[in-house]
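Each chain is listed here by its residues.
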Amino acid sequence: MNTSSQLFELAYKVYQQAYAPYSKFAVGAAILSSDGRTYSGCNVENISYPCGSCAEQGAISAMIAGGSKEIAQILVLADSQDLITPCGACLQRIQEFATPECEVLLADLSGIKQVLKLQDLLPHAFQNQELCHE
Ligand code: THU
């Protein structure tokens with residue numbers, strides 16, 4: 001299986017675990033890290049709506065907890081006629097751990113429909129190395 005099919009399968013599996021009783025809009029995300037590992041996450045809503053988290057957020061947390069440092073590809077999947085792209089906050093979260101060339105794969109339940117670069121989705125990302133003290 002190639003890596004994008006692997007990401008699709010992972011995202012589909014985790015999409016089925018989404019906790020979205022309020023929006024009824026389940027989302028799955030899967031990451032291929034630059035060191036060749038994979039991670040996934042789903043949206044987890046909350047009765048206090050702003051406390052909910054996006055699928056991408058869950059997948060990024062899993063990646064950091066798993067010891068990987070960089071996102072090479074991230075696939076986002078939902079059962080939607082309009083392909084979904086990561087929300088603005090998630091684009092910023094992705095860009096923290098990615099280069100502008102990072103691939104964002106957009107999928108519905110039937111497969112990957114579009115591949116964009118992070119730089120296409122967030123062309124003028126907030127970045128300021130002066131704020132990084134590592
Ligand atoms: N959502 C995601 O998990 N990722 C996205 O890229 C877009 C939106 C979630 C948040 C919320 O639980 C539901 O989808 C409806 O907005």
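Shown above is the structure to which this text applies.
Below or above, wherever it landed, is the structure these notes cover. (Residues numbered from 1 in each chain as written. Predicted model: local features only at pLDDT ≥ 70, side-chain atom pairs only at ≥ 80, totals over all residues. Heavy atoms only, no water.)

1. Some thoughts on the nonpolar core
Short version of the rule: Buried Ala, Val, Leu, Ile, Met, Phe, Trp, Tyr and Cys residues that are joined via side-chain atoms within 4.5 Å together make up what is termed a nonpolar core. Buried residues are those whose accessible area, probed at 1.4 Å on protein chains only, stays under 20% of the maximum for their type, while exposed residues exceed 50% and partly exposed ones sit between those limits. Helix and strand definitions follow DSSP, with helices as H or I runs of at least four residues and strands as E runs of at least two, each counted in order from the N terminus. Whether two residues are in contact is decided by their heavy atoms: any pair within 4.5 Å suffices.
Core analysis: the largest hydrophobic core is formed by 21 residues, its most contacted members being Ile31, Ile71 and Ile94. Those elements giving two or more residues to this core turn out to be β1 (27–33), α2 (55–65), β3 (71–78), α3 (88–95) and β4 (103–108). Here Ile31 is in contact with Leu7, Arg37, Thr38, Tyr39, Ala59, Ile60, Met63, Ile71, Gln73 and Ile74, once residues within four sequence places are set aside. Phe8, Tyr15, Leu77 and Leu105 belong to the second largest nonpolar core, which has 10 residues in total.

2. Structural notes on the sheet that holds strand β2 (residues 38–42)
Whenever strands of a sheet pair, they do so through backbone hydrogen bonds, lying parallel or antiparallel. This is how the line gets drawn: Pairs of strands are assigned from DSSP output, requiring at least two bridges between the strands. Throughout, an axis means a line fitted to C-alpha atoms (over the contacting stretch in the case of helices), and angles, computed between N-to-C directions, take values from 0 to 180 degrees.
Ordered by their spatial adjacency, 5 strands build an open sheet running β2-β1-β3-β4-β5, and the pairing between neighbours is mixed. In the strand order of this sheet, the two ends are held by β2 and β5 (111–117), each with one partner. When the angles between neighbouring strand axes are averaged without regard to direction, this sheet yields 20°. Both β4 and β5 contribute to a ladder of 6 bridges, which runs antiparallel. Each bridged residue has a counterpart across the sheet, and for Leu106 the counterpart in β5 is Gln114. Of the strands in this sheet, β1, β2, β3, β4 and β5 touch helix α1 (residues 3–15), which is tilted by about 145° from β1.

3. Considering the pairing of β2
In terms of strand pairing, β1 meets β2 through 5 bridges, oriented antiparallel. For Ala29, the partnering residue across the bridge sits in β2 and is Gly41. Remark: 4 residues form the turn of the hairpin made by β1 and β2, two consecutive strands paired antiparallel; Gly36 in that turn has positive phi of roughly 85°.

4. A few points about a nonpolar patch on the surface
This is how the line gets drawn: Within the patch definition used here, like charges are joined within 9 Å and nonpolar side chains (Val, Leu, Ile, Met, Phe, Trp, Tyr) within 5 Å, considering only residues with over 30% relative accessible area and no salt bridge. Residue burial considers only the protein chains on display, and all accessible areas are found by Shrake-Rupley using a 1.4 Å probe. Salt bridges are defined as contacts in which a side-chain nitrogen from Lys or Arg sits within 4 Å of a carboxyl oxygen from Asp or Glu.
A contiguous nonpolar surface patch, about 560 Å² in accessible area, is contributed by Tyr19, Tyr22, Val44, Ile47 and Tyr49. If you trace the backbone, Val44 turns up in the loop between β2 and α2.

5. Overview of the pattern of salt bridges
Throughout the structure, instances matching the rule amount to 1 salt bridge. The shortest N-O distance in the salt bridge between Lys113 and Asp108 comes to 3.0 Å. In this structure Lys113 comes out as partly exposed when scored by relative accessible area, which is 45%.

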